[in-house]
Amino acid sequence: GDSVTQMEGPVTLSEEAFLTINCTYTATGYPSLFWYVQYPGEGLQLLLKATKADDKGSNKGFEATYRKETTSFHLEKGSVQVSDSAVYFCALSLGGTYKYIFGTGTRLKVLA
Amino acid sequence: SQTIHQWPATLVQPVGSPLSLECTVEGTSNPNLYWYRQAAGRGLQLLFYSVGIGQISSEVPQNLSASRPQDRQFILSSKKLLLSDSGFYLCAWSHVTEAFFGQGTRLTVV
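Please read all numbers here as calculations on a predicted model, not as lab measurements.

1. Concerning the environment of glutamate 69 of chain A
All names here are of chain A.
Right, so step 1: The topology assignment puts glutamate 69 in the loop between β8 (62-65) and β9 (75-77).
Right, so step 2: Given the relative accessible area of 59%, glutamate 69 is considered exposed.
Right, so step 3: Taking the C-alpha atoms as reference, glutamate 69 lies 15 Å from serine 32; in sequence the two are 37 residues apart.

Here is the structure:
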């Protein structure tokens, strides 16, 4: 079935370090791909998305490229800040099924 | 603009008690609606989704049920809570290729 696999956390980085959170997917069709962020005590917020192969989503310094050949959507940021500490979820949706499938989430902790 | 309201934010309930969580959406019509649960140390699990009034699909067998009495209202219920029902419950609605989430309800069953 359709699924999303994320790298295990937690990830602990120093401020200004480079961030990569890996995400791969399995889908029967052509999904849209998303990264959501959950700050402590809050719901999920959309961080970025890509709807077709080779699209690059970007927001707040974060980027992810939809790679169909490797079925991946890795999240990257060149220089993280303490305020980026949160849980990051990779997700896919297949429009015809109306369902969103999430990875298990990766907790990021950035130290000053 | 569209908004989603979910309440209460926090709830502590004894084992065996009933549950009712409500979610409403404003600013859109005929949304797809979802209930997700995030158990401690685990990812988001889709519990129910609905594509219209009275149309509910259950993703996993459990102690919970959902109803959609109005177009923009989605209710999560239980007749008797279990300890394993504790978690963070998120309501969401989707349009085309994006989902929007409520602030969540943290449920602790004691």
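From this point, the discussion proceeds with the structure in view.
2. Structural notes on the pattern of salt bridges
All names here are of chain A.
Right, so step 1: Scanning the entire structure with this criterion turns up 5 salt bridges over all chains.
Right, so step 2: The residue lysine 77 makes a salt bridge to aspartate 84 at a minimum N-O spacing of 2.8 Å.
Right, so step 3: Relative accessible area serves as the criterion here: at 10%, lysine 77 is assigned to the buried category.
Right, so step 4: Here aspartate 84 falls in the buried class, since its relative accessible area comes to 6%.

3. Remarks on the sheet that holds β8 of chain A
Where strands meet in a sheet, backbone hydrogen bonds hold them as pairs that are either parallel or antiparallel.
All names here are of chain A.
Right, so step 1: In spatial order, the strands read β3-β9-β8-β7; together these 4 strands make up an open sheet with antiparallel pairing. Each edge of the open sheet carries a strand with a single partner, namely β3 (19-21) and β7 (56-59). On average, adjacent strands in this sheet sit at an angle of 15° to one another, irrespective of strand direction.
Right, so step 2: Sheet topology note: the β8/β9 ladder contains 3 bridges and is antiparallel. The partner of glutamate 63 across the bridge, within β9, is glutamate 76.

4. So, the interface of chain A and chain B
Interface size is commonly expressed as the accessible area that is lost once the parts come together.
Right, so step 1: Taken together, the contact between chain A and chain B spans 18 residues of the former and 21 residues of the latter.
Right, so step 2: When chain A packs against chain B, the two sides together hide about 1600 Å² of surface, and 54% of this comes from carbon and sulfur.
Right, so step 3: Connecting chain A to chain B are 0 salt bridges.
Right, so step 4: Where chain A packs against chain B, one counts 4 residue pairs in polar contact (both at pLDDT 80 or more).
Right, so step 5: Considering every element that reaches the side of chain A that touches chain B, the biggest residue donor is strand β5 (residues 32-38) of chain A, with 4 residues.
Right, so step 6: A class-by-class count of the residues in the side of chain A that touches chain B yields 8 nonpolar, 7 polar and 3 charged.

5. Description of the packing of aromatic side chains
Residue and element names in this part refer to chain A.
Right, so step 1: Under the defined criterion, the tally for this structure stands at 15 aromatic pairs over all chains.
Right, so step 2: Aromatic side chains phenylalanine 34 and tyrosine 36 sit 6.0 Å apart centroid to centroid with 35° between the ring planes, which places their arrangement in the tilted category. No difference in accessibility class separates phenylalanine 34 from tyrosine 36, as the two residues are buried.

Conventions and cut-offs
- Residues numbered from 1 in each chain as written.
- Chains lettered and ligands numbered in written order.
- Predicted model: local features only at pLDDT ≥ 70, side-chain atom pairs only at ≥ 80, totals over all residues.
- Heavy atoms only, no water.
- Helix = DSSP H or I, 4+ residues; strand = E, 2+ residues; numbered from the N terminus.
- Buried < 20%, exposed > 50% of the residue type's maximum accessible area, 1.4 Å probe, protein only.
- Salt bridge = Lys/Arg side-chain N within 4 Å of Asp/Glu carboxyl O.
- Pairing = 2+ DSSP bridges.
- Axes fitted to C-alpha atoms, helices over the stretch in contact; angles between N-to-C directions.
- Contact = heavy atoms within 4.5 Å.
- Buried area = accessible area lost by both parts, 1.4 Å probe.
- Polar contact = N/O pair within 3.5 Å; in protein donor to acceptor, adjacent residues only side chain to side chain.
- Nonpolar A, V, L, I, M, F, W, Y, C, P; charged D, E, K, R; others polar.
- Phe/Tyr/Trp six-rings, centres within 6.5 Å; stacked < 30°, edge-to-face > 60°.

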